[in-house]
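Here's the letter readout for the chains.
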Amino acid sequence: MTRADLPLKDSVALVTGGGSGIGLGCALRFAADGAHVVIAGRSLDRLRGAVTEIERVAAAGVRVAYAVTDVTDEAQVEAAVAQAAGLGPLRAVVASAGGNTTMGPLTQMDTAKWRDTVELNVTGTMLVLKHTARLMAGAGGGSFVAISSIASSNTHRWFGAYGVSKAGIDHLVKLAADELGASGVRVNSILPGLVATDMVDAVTQGGPVLDDYMACTPLGRVGQTEDIASLAAFLVGPESTWITGQNINVDGGHHLRRGPDFRAFLEPVFGADGLRGIVAPAPAAEGN
């Protein structure tokens, strides 16, 4: 199949987290492959800029729209899904919205931030799946792709809730694939390694943490959003119709080795003892 064949022609794709990074990369690829695309995210300005970027590469006749959406808000998710369905048959969904606010040792974890990260990554993905799968199941099928992380398959020390929540996404994918296969809905996840996006600029600009990533990556380079979008396009396209319930690493082989060492970033903040779980005692209260 060649790009000229427009494998996604006349279908509709919804991409959460589509204003930047991997989500935007997927939206760009889908529009170039002929799909009408709705991108969802929390930043209006970012979404507007992304729509302009997508329109530059979109195939002839492709429509591109945005929906300001917090994926942890079920009513907003429902509205975004309804907007996408208004463009035609919803056949492709990428759940890319996610993040992490819990860098640091578990023994000093901010519990509220832990909950926020789990809510964003796991519950947010579930809500998008819940409301898009209803439509796809009722219409005879479709493909849902969740963006997970190598932090799901390989422990990343001091990443807090991030890897745990991404592992939750991977299990959600298997559960959904088992339930929804009877309705022709396929569900898979992609586990990226280090991909050059704004979120990881501090790493990809260079230094000991990037050096450690490269030492753990057999193919020896940082990934690009196109690397992830290529697999996403395959998973939502006509060549993968017997693939479901898979958690697929796209990481240059990083999963074959170990998670990265973020000591250079975190030891100055928490100290060497803090990184191995030791918590300094609280100062004694002064007497009256």
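Here's a quick rundown of the structure. Not measured: the values here are computed from a predicted model.

Here we take up the overall build of the protein chain. Each helix and strand in the protein chain was counted, giving 10 helices and seven strands. For 288 residues, the compact-globule estimate of 2.2 N^0.38 gives 19 Å, and the protein chain sits close to it at 20 Å. C-alpha atoms of the protein chain, sized along the principal axes, occupy 70 × 45 × 40 Å. Evaluated residue by residue, the protein chain yields a buried proportion of 47% over its 288 residues. Contacts in the protein chain between residues at least 24 apart in sequence constitute 75% of all its contacts with a sequence separation of at least 6.

The next subject is the packing of aromatic side chains. Under the counting rule described, the total for this entry stands at four aromatic pairs. Measuring from centroid to centroid gives 6.1 Å for Tyr213 and Phe262, while their planes differ by 85°, and the two rings are edge-to-face. On the criterion of sequence distance, the pair formed by Tyr213 in helix 8 (residues 208–215) and Phe262 in the loop between strand 7 (247–250) and helix 10 (263–275) is long-range, its members being 49 residues apart. Linked through ring pairs, Phe159, Tyr162, Tyr213, Phe262 and Phe265 together constitute an aromatic cluster.

A separate point is unusual backbone geometry. Notably, Leu6 is not glycine yet its phi reads approximately 45°, a positive angle. Taking the relative accessible area as the measure of exposure, Leu6 reaches 22% and is therefore partly exposed. At Trp158, a residue that is not glycine, the phi angle is positive and equals roughly 70°. On the secondary structure map, Trp158 appears in the loop between helix 5 (150–153) and helix 6 (161–180). Judged by its relative accessible area of 10%, Trp158 falls in the buried class.

Before going further, it helps to spend a moment on the packing of helix 3 (residues 74–85) against helix 4 (residues 111–138). Helix-helix packing is characterised by the crossing angle of the two axes and by the distance between the axes. The interhelical angle for the contact between helix 3 and helix 4, taken along N-to-C directions, is 35°, at an axis separation of 9 Å. Considering the relative orientation of helix 3 and helix 4, their crossing is right-handed. Along the contact surface, helix 3 presents Glu74, Val77, Glu78, Val81 and Ala85, while helix 4 presents Leu127, Val128, Lys130, His131, Thr132 and Leu135. Of the residues contributing to the contact of helix 3 with helix 4, the split by class is six nonpolar, two polar and three charged.

Another point: the pairing of strand 5 (residues 142–147). Regular strands place side chains that alternate from one sheet face to the opposite one. For strand 5, the buried fraction is high: six of the six residues fall into the buried class. Alternating positions in strand 5 separate into two faces, Gly142, Phe144 and Ala146 on one and Ser143, Val145 and Ile147 on the other, with burial throughout. Pairing analysis gives four bridges linking strand 4 (residues 90–95) to strand 5, with the strands arranged parallel. Paired with Val94 across the two strands is Val145, which belongs to strand 5.

Attention now goes to the pairing of strand 4. Among the six residues that make up strand 4, five are buried, leaving the element largely enclosed by the rest of the structure. Pairing of strand 1 (residues 12–16) with strand 4 involves five bridges; the strand directions are parallel. Across the sheet, Val12 pairs through a bridge with Leu90, a residue of strand 4. Tracing the backbone out of strand 4, into helix 4 and back to the parallel element strand 5 gives a crossover that is right-handed.

The next thing to look at is the sheet that holds strand 6 (residues 185–192). Pairing is parallel across the open sheet formed by seven strands, whose spatial order is 3-2-1-4-5-6-7. Two strands lie at the open edges of the sheet, namely strand 3 (64–68) and strand 7, each paired on one side alone. Strand after strand, the sheet turns through a mean of 20° between neighbouring axes, direction not considered. Where helix 1 (residues 21–32) meets the sheet, it contacts strand 1, strand 2 (36–41), strand 4, strand 5 and strand 6, and its direction lies at approximately 170° from that of strand 1. Taken strand by strand, helix 3 contacts strand 1, strand 2, strand 3 and strand 4, and its axis lies near 170° from that of strand 3.

Rules used in this analysis
Residues numbered from 1 in each chain as written. Predicted model: local features only at pLDDT ≥ 70, side-chain atom pairs only at ≥ 80, totals over all residues. Heavy atoms only, no water. Helix = DSSP H or I, 4+ residues; strand = E, 2+ residues; numbered from the N terminus. Rg over C-alpha atoms; globule rule 2.2 N^0.38 Å. Buried < 20%, exposed > 50% of the residue type's maximum accessible area, 1.4 Å probe, protein only. Contact = heavy atoms within 4.5 Å. Phe/Tyr/Trp six-rings, centres within 6.5 Å; stacked < 30°, edge-to-face > 60°. Axes fitted to C-alpha atoms, helices over the stretch in contact; angles between N-to-C directions. Left-handed = near helix turned anticlockwise from the far one by under 90°. Nonpolar A, V, L, I, M, F, W, Y, C, P; charged D, E, K, R; others polar. Pairing = 2+ DSSP bridges. Right-handed = clockwise from strand over helix to strand, strands pointing away.

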